[in-house]
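Structural characterization, general
For reference, the chains in residue letters:
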Amino acid sequence: MGRILVVDDEELAREAIKLRLERDGHQVDTASSEAEAIEKIRSADPPYDVVITDMVMESENSGLEVLKAALLRDVLTEVIILTAYGSVTNAVECLKRGAYDYLEKNIPGVDVYDLLALKVERAMEHRAESMALLKRLQAYQQPIASPSASEGHD
Amino acid sequence: MQSQGTAKIAQPSYRFWGVITDTETLLRTILEEGLEAVNATRGTISLVDHRTGELVTKFVAGLGWTERQPDLRFQVTDAPGHSISSYVAFTGQPYLCPDVTQDPHYYPLFPDTRSELAVPLIGRGGRVLGVLNVESEKGNAFGEKELKVLSALASIASLALSLADYQNRERALVELGKELAAATDIDALLERVTEVAAHLLDADDCSLFLVDKSINRLVLRASRGLLRSLVGQATYRFGEGLTGWVALHNKPARLNGVMGDPRWKGLYLELNPEEISAFMAVPVRGRNEVLGVLRVLRKRASPAAPPYLFTDDEEELLFTLASQLGAALEREELQRRLFTMQHIASVGELTARIAHMIGNKVFAMKGALKELGSRLSPLPLSEDTQRLLGSVERSLYEVEILLQDLRDFVKATQLNLQPLCLSDLVQDLVREYAQEFPHITFELALDEQPVWVKGDAEKLRNAFGELLENAVHFLKAGDKIHVRVTVSRWSGRRHARVLIRDTGPGIPERLKEQIFQPFFTTRAKGMGLGLAIVKGIVEAHGGSIEERGREGEGALFILTLPAIEPPQGGNG
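Residues numbered from 1 in each chain as written. Chains lettered and ligands numbered in written order. Predicted model: local features only at pLDDT ≥ 70, side-chain atom pairs only at ≥ 80, totals over all residues.

All names here are of chain B. The buried count for strand 17 (residues 493-502) comes to seven of 10 residues, which makes it a mostly enclosed element. Judged from the seven bridges that link them, strand 17 and strand 19 (residues 556-564) form a sheet pairing that is antiparallel. Opposite V498, over in strand 19, you have L559 as the bridge partner. (Buried ≥ 20, exposed ≤ 12 C-beta atoms within 10 Å, placed from the backbone. Helix = DSSP H or I, 4+ residues; strand = E, 2+ residues; numbered from the N terminus. Pairing = 2+ DSSP bridges.)

Written out as structure tokens, the structure is:
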């Protein structure tokens, strides 16, 4: 299954998400801060499939910084933003900048962990589709690119 | 060397300046100088008592007065035999009497008096303040020259009297201004305004009515005499009676014998109608609207006394008082709002932070609980254990509901304003609630013309929804909720009003002050932010909300919002 990084400054939350996603068979790393997350993203090889990050940690925009780092490492990494009370505006900004989705932590009566697991599944599918598309694009470009270039010289 | 005659005229006016601060001394000096200047045997200065319509001898000088008692009173009239001074006070014209024995107005006080000269003291607006009178033992003692001298002295006396009057008023106004600026107890202050107004205007009573927007009426807030017991109860509609007329038209009204005026209604009277001599009311103006009406009344001293009317000067004075009061009231309102807003802002900021922290913890707890659940699921659990797990889950759910409440409260004042049809909004909402709560009867009354406001549709829906929700909570099967949407207009502005009345238990008097405060609730669930949020939303729209029901008869919420004209081509 997927390689996932969970970023949250709340240890219990990190652990709970990790356990929930591991039950679905994912391989889960965690980071407790924006800085640690960026470090792990940069050094990850291969890159993470999905990054789940809290929006507000050291700063109001920590989630946004994590998002940038993830997309810099691999533009097809899917990023899911977690928001606690009141940070929806920032989350919307993240969506504009290429995040896959966002999830509110406190929706009364909703099992957000199951919802998160579902979003991770979809994100994995989305990433797989994007990668397949990229491969097809590369496969399409390669055989045509060099022969057409040599043909042009004839 | 100057001639004797010139010196006589020049010297007195020079002497006057030294004593001008003391009106009494000045008037005495004027009288003495007058006697000397026109070579009179004796003289008087009498002042008009406007209340009784009498002329009262205040200052006397010359031969024969010492044993006699001054403070003689004569009725101001043109009827013969009431004294020449009284006649002059009545006509406002100087009077030269060469031979008193032939004069019908003469009133004999001294047997040796042969001729008299009397000139009126005229104040601003032509009102007769008093009379300067001189007499001689010689017949035909006074002519044009004496008349001129005496008139000049009389005008100095009038000026001094007017000046003293102005100084008194100024002192009282400055004093009141200070009190208004420092006021903390608004009701005591309003009472003080009526006191000062009555004192300055020599009025027998003074009442202050202020606009209560939630009921669109003028309500008596302060009075002195008969009406004192009706403070808070006596009300006028806009346009009703003279007081309502003043508020509606934003104009003063001044009347003599109010009963003859078509605007007069006599709903609430400080005096018996036949006792009223004169009435004057001015609007208390705020920057944009009429805030109230300040009115004064004079009592008739006796059935025979002439009407004691209010003058232009006095109207101006009452206006000055009213505008001082208007400014103070607006400042008070502004401060109250500022304070509330600051309060809400700081509460909001703190709330947001705490809610964020709690939200994160709750999220983590939910995760841990879920994990625990999934690990325990293969095991056989006792009913007790399952119930405990369930109650933790339910508590977490309730915490998240509270967090939502807090968020709504903080966001209540952040509006996205658009023109919207309030009638439609309320109608939709009432229909929804009627479907959801079939055991309660919903009645809706709408004006024929749809009512439009500039508002945040979502927030207003929340506000009205909360009010209906709140009503439903306290009602039982068969109870009624009556909702009415209407527009009223006062001081040139349109206001939308929504009345929500129910047949529930109503709100106890002792709780009315608190229901709109945050964290107040009598309900088991929630944190009691409901009505505080409603108030926040309504006030952020520039409106107001009040509860005016009676305990035992049901609750009555009245919302007021600034209305706008329906847009062109809209369903109006």
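Residue and element names in this part refer to chain A. Relative to the 18 Å expected for 13 residues at 1.5 Å per residue, helix 1 (residues 11-23) spans 18 Å between its end C-alpha atoms, a close match to the ideal helical length. Those residues of helix 1 lying buried are A13, R14, A16, I17, K18, R20 and L21. G25 sits one or two positions beyond helix 1 and adopts a positive phi of about 95 degrees. (Expected span 1.5 Å × (residues − 1).)

Here we take up the sheet that holds strand 4 (residues 78-83) of chain A. Residues and elements named next belong to chain A. Here five strands make up an open sheet; going across it, the order is 2-1-3-4-5 and the pairing parallel. At either margin of the open sheet sits one strand with a lone partner, and together these are strand 2 (27-31) and strand 5 (101-104). Direction aside, the axes of adjacent strands within the sheet are offset by 20 degrees on average. Sheet analysis places strand 1 (residues 3-7) next to strand 2, joined by five bridges and oriented parallel. Residue pairing for strand 2: I4 is matched across the bridge by V28. (Axes fitted to C-alpha atoms, helices over the stretch in contact; angles between N-to-C directions.)

Chain-level pLDDT for chain A is 87 on average; 90% of the residues reach the 70-or-more range. Predicted confidence in chain A is weakest over helix 4 (residues 88-96) of chain A, with a mean pLDDT of 79, and strongest over strand 1 of chain A, with 97. (pLDDT = per-residue confidence, 0-100.)

With that settled, the discussion passes to the interface of chain B and chain A. With 20 residues of chain B in contact, the opposing surface of chain A contributes 18 residues. Of all the elements in the fold, those that place two or more residues in the side of chain B that touches chain A are helix 7 (312-376) and helix 8 (383-411) of chain B. It is helix 7 of chain B that provides the largest number of residues to the side of chain B that touches chain A, a total of 14 residues. Split by residue class, the side of chain B that touches chain A holds nine nonpolar, six polar and five charged. (Contact = placed C-beta atoms within 7 Å. Nonpolar A, V, L, I, M, F, W, Y, C, P; charged D, E, K, R; others polar.)

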